[in-house]
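# Summary of structural features
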Amino acid sequence: MKHPLRKVVVPAAGLGTRFLPATKAVPKEMLPIVDVPAIQLIVEEAVRAGAQQVILVSGRGKSAIEDHFDHSYELEDTLQRTKKKELFEQVRRISEMARLVSVRQKEPLGLGHAVLAAKPAVGTDEWFGVLLGDDLIDSEEPAIGQLARVSMQTGKAAVALMPVPDDQTQLYGVAAGPAVGANIQVEKIVEKPARGSAPSNLAVIGRYLLPPDVFEILEKVKPGAGGEIQLTDALAVLAKQGRLIGVRFSGERHDAGDRLGYLQANIAYALKRPELRDPLRAYMRKVLQ
Ligand code: UTP
């Protein structure tokens, strides 16, 4: 298999209803983690893992994302003239980070539908990664790179898995199957199982390494949970064919699509900034007294 991470798809066409009213005019993916939009952290992860082309699945009201990764001549010129070299370089670096192309999902009909919208840009003869902006994974080896490594070793598709408490499985896709070293050979995968019916406590987290024929599978998937075309239903087909590995990735994951998870992500990333760490700790000690 040639390296499966030349292209990555970043679906960002969802409505972000859990974050209203902030997301009425601002894409959820642009909400900052400290001072970096969540989607930039995602693109940085993909680039660190070797991705050369980022395919953004965009929708109505999402043009701020494209602008973020584009040159901003006015801003760059001002920063240069006012000798703000560090800021200039930071801004410049973002637009040079990766080759970004964007495709449009005309209606938010689900994650599977969003991935299918990327078919013309991915093509039908190469593997690709998918990264969701909601799931931030802070790890030394980029999480999507961990999946690519397992995929190259096994020749199978890969999905990121993380154990969650039993009373939270209904919030996730859940996968089960026999252990293969630290990972599992997925035999069963279900989207948001009803309370008490989950096949395991291993939740699907937003990183996937997929083969090109997943598009054919997605074209046949009928609307599932919530009336949406679910990526999980296409993964279930791969699992049935014995072609899906669940990867117990290493790294700290934050659910930035959830308000509490978003706040926690901000604190975790801020504590890693030398200039913020001590004042933030002092503030937290004060408010927690
Ligand atoms: P979510 O379900 O978390 O995103 O999908 P959402 O629908 O925007 O959020 P809520 O539930 O209304 O608050 C995970 C990712 O998939 C993308 C979203 O943009 C998000 O990054 N997505 C989802 C699409 O691109 N298209 C869709 O039809 C659905």
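Presented here is a report on the structure given in the accompanying data block. Since we're looking at a predicted model, the values are computed, not measured. (Residues numbered from 1 in each chain as written. Predicted model: local features only at pLDDT ≥ 70, side-chain atom pairs only at ≥ 80, totals over all residues. Heavy atoms only, no water.)

Okay, the site of the ligand next. Taken together, 18 residues surround the ligand, and among them Gly16, Thr17, Arg18, Gln105 and Asp134 come closest. Glu29 has a polar side-chain atom sitting 2.9 Å from an oxygen atom of the ligand. The backbone of Leu109 places a nitrogen or oxygen atom 3.3 Å from an oxygen atom of the ligand. Protein chains bury 85% of the 560 Å² of accessible surface belonging to the ligand in isolation. For the ligand, the cavity whose grid points lie within 2 Å of the majority of its atoms is the largest pocket. Taken together, the residues that form the shell around the ligand break down as nine nonpolar, five polar and four charged. (Near = heavy atom within 4 Å. Polar contact = N/O pair within 3.5 Å; in protein donor to acceptor, adjacent residues only side chain to side chain. Areas by Shrake-Rupley, 256 points an atom, 1.4 Å probe, with all protein chains shown as cover. 1 Å grid on protein atoms, 1.4 Å probe; cavity = no way out; pocket = protein on both sides within 12 Å on 5 of 7 lines; lining within 4 Å. Sits in = over half its atoms within 2 Å of the grid points. Nonpolar A, V, L, I, M, F, W, Y, C, P; charged D, E, K, R; others polar.)

For the pair helix H10 (residues 259-271) and helix H11 (residues 274-288), the least separation of the axes is 8 Å and the interaxial angle reads 130 degrees. Considering the angle they form, H10 stands oblique to H11. Residue-level contacts link Ile267, Ala270 and Leu271 of H10 to Leu276, Arg277, Leu280, Arg281 and Met284 of H11. Split by residue class, the contact of H10 with H11 holds six nonpolar, no polar and two charged. (Axes fitted to C-alpha atoms, helices over the stretch in contact; angles between N-to-C directions. Helix = DSSP H or I, 4+ residues; strand = E, 2+ residues; numbered from the N terminus. Parallel < 35°, antiparallel > 145°, perpendicular 65-115°, else oblique. Contact = heavy atoms within 4.5 Å.)

Applying the stated rule across the entire model yields two aromatic pairs. Their ring planes at 75 degrees and their centres at 5.2 Å tell us that Phe19 and Tyr262 sit as a pair that is edge-to-face. Note that Phe19 is positioned in the loop between strand S1 (7-11) and strand S2 (32-33) and Tyr262 in helix H10, a separation of 243 residues in sequence. The same class applies to Phe19 and to Tyr262, which are both buried. Measuring from ring centre to ring centre gives 5.1 Å for Phe128 and Phe215, while their planes differ by 0 degrees; the resulting arrangement is stacked. Residue Phe128 is located in strand S6 (residues 128-131), and its partner Phe215 is located in helix H8 (residues 214-220); the two are separated by 87 residues in the primary sequence. Judged by its relative accessible area of 0%, Phe128 is buried. Here Lys272 stacks its cationic end above the ring of Tyr269, 5.9 Å away from the centre of that ring. (Phe/Tyr/Trp six-rings, centres within 6.5 Å; stacked < 30°, edge-to-face > 60°. Buried < 20%, exposed > 50% of the residue type's maximum accessible area, 1.4 Å probe, protein only. Lys NZ or Arg CZ within 6 Å of the ring centre and 35° of its normal.)

For the rest of this paragraph, the subject is the layout of surface pockets. Here the largest pocket defines a volume of roughly 1300 Å³. Lining the largest pocket are 41 residues, with Arg18, Lys28, Leu132, Asp134 and Lys192 positioned closest to its centre. Those elements that provide at least two residues to the lining of the largest pocket are helix H5 (111-117), strand S13 (202-210), helix H9 (231-240) and strand S15 (252-255). Here the lining of the largest pocket takes four residues from S13, the largest share from any one element. The residue inventory of the lining of the largest pocket, partitioned by class, reads 16 nonpolar, 14 polar and 11 charged. Put simply, the second largest pocket is a space of about 320 Å³. If you trace the second largest pocket, you find 15 residues lining it, with Leu41, Glu44, Asp138, Tyr269 and Lys272 closest to the centre. (Points joined across faces, edges and corners; volume = space filled by probe spheres on them.)

On to empty space enclosed by the protein. If you roll a probe as big as a water molecule over the atoms, it shows you where there is empty space left. Enumeration according to the criterion identifies one cavity of 30 Å³ or more in this entry. Taken as a whole, the largest cavity spans an internal volume of roughly 50 Å³. Taken together, Lys28, Glu29, Leu31, Ala38, Gly133, Asp134, Ala256, Gly257 and Tyr262 make up the lining of the largest cavity. Across the lining of the largest cavity, the residue classes tally to four nonpolar, two polar and three charged.

A few words now on the side chain of Ser58. Along the chain, the position of Ser58 falls in strand S4 (residues 53-58). Of the residues examined, Ser58 reaches a relative accessible area of 1% and is grouped as buried. Those residues in contact with Ser58 that lie beyond four places of it in its chain are Ala12, Ala13, Glu66, Val103, Arg104 and Gln105.

Right, let's talk about unusual backbone geometry for a bit. Note the cis peptide between Leu20 and Pro21, where omega equals 5 degrees. For Pro21, the location among the structural elements is in the loop between S1 and S2. Positive phi outside glycine occurs at Val34, with the angle close to 60 degrees. Mapped onto the secondary structure, Val34 falls in the loop between S2 and strand S3 (36-37). Positioned with a positive phi, Lys192 is a non-glycine residue whose angle comes to about 40 degrees. Relative to the helices and strands, Lys192 resides in the loop between strand S12 (188-191) and S13.

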